[in-house]
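Report on the structure
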Amino acid sequence: MHLPRLRGPDSEAVSPLATLVRAPNPGPMTLDGTNSFVLRRPGSAGAVVVDPGPSIAEHLEHLASFGTVELVLLTHHHPDHSEALHEFARLVGAPARAINAQYCLDAEPIVDGERLQVAGIELEVVATPGHTADSVSFHLPGDGDHGSVLTGDTILGHGTTIISDPDGALGPYLESLRRLRTLGERAGGPVAVLPGHGPVLRDLASIADDYLAHRAERLDQIRDALAKLGAEATVAQVTDLVYADTDAAVRPAAEASVRAQLVYLRGQA
């Protein structure tokens, strides 16, 4: 496969165990680009790569340059995270694992609560469905004073994520946010958020709480819209009212989120 060559690699160490390698695929839905993460204990010859992202030569070559890749992991199936998954895994000769078996290569699917010991670090698999049905986060309890969590698109570095109805669903998403909030609260201090897009955040519990408050506010707006438009209002009608200022480029994402909220409110989840 021919890989397009865009701008050079963009990477930085963001925690004791994690280096962020940002893919050169910025856009309305990807923000600054997809965040791939290289995880390893300092001094370890091996590494774990999470979300190889798009099939772009410099990006994949840069990910492969950090050392022997022992495992490739996926937070969810959206192409900006998964497009190069198997390609990269074959490039570095490593197995690939995800919640969905379709995205695994030479390995079994990961499961909620599984603890992975690899590249000198421990990762705990935390299923966080909602953005998509197969969304998963990875908890690194030994990353700094209070640990970190790779959240994929469940929590972003800025803004809020969409619920990708019909694959995603609001009920499970709210439960995932509560689970992440509890994980943050139990850590004894701020847990870093390593998101799938945007900058690293420093307090998981606080951010999850903010996301829950935002979702409650949006649901109230949807209820108000239905009161004005009627209980059987369409997705397009509600979107026009609630997301009136939304850029046309992200209109489909707004409609997906409205659809998910209507399903939730109408008791069809």
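Scoring rules and cut-offs
Residues numbered from 1 in each chain as written. Predicted model: local features only at pLDDT ≥ 70, side-chain atom pairs only at ≥ 80, totals over all residues. Heavy atoms only, no water. Salt bridge = Lys/Arg side-chain N within 4 Å of Asp/Glu carboxyl O. Helix = DSSP H or I, 4+ residues; strand = E, 2+ residues; numbered from the N terminus. Buried < 20%, exposed > 50% of the residue type's maximum accessible area, 1.4 Å probe, protein only. Core = buried A, V, L, I, M, F, W, Y, C linked by side-chain atoms within 4.5 Å. Contact = heavy atoms within 4.5 Å.

Right, let's get into the pattern of salt bridges. A complete count under the given rule lists 11 salt bridges for this structure. Here Arg179 and Asp112 are joined by a salt bridge, their closest N and O atoms 3.0 Å apart. Of this pair, Arg179 sits in helix α4 (residues 170-185) while Asp112 sits in the loop between β6 (96-97) and β7 (115-118), and the two are 67 residues apart along the sequence. Overall, the relative accessible area of 34% leaves Arg179 in the partly exposed class. With a shortest N-O distance of 2.8 Å, Asp240 and Arg251 are connected by a salt bridge. Linking Asp240 in helix α6 (residues 235-242) with Arg251 in helix α7 (residues 251-265), this pair joins segments that are 11 residues apart in sequence. Asp240 sits in the partly exposed class, given a relative accessible area of 46%. When salt bridges with common partners are traced through the structure, they connect Arg115, Glu122 and Glu124 into a single cluster.

The biggest cluster of nonpolar side chains holds 23 residues, and the ones touching the most others in it are Phe37, Leu39, Leu73, Leu123 and Phe138. Those elements that provide at least two residues to this core are β2 (18-22), β3 (35-39), β4 (46-50), β5 (68-73), β7, β8 (121-127) and β9 (136-140). Dropping the residues within four chain positions of it, Phe138 is found in contact with Val50, Leu73, Leu74, Thr75, Ile110, Leu123, Glu124, Val125, Ser148, Val149 and Leu150. Membership of the second largest hydrophobic core comes to 21 residues, among which are Leu170, Tyr173, Ile207 and Tyr211.

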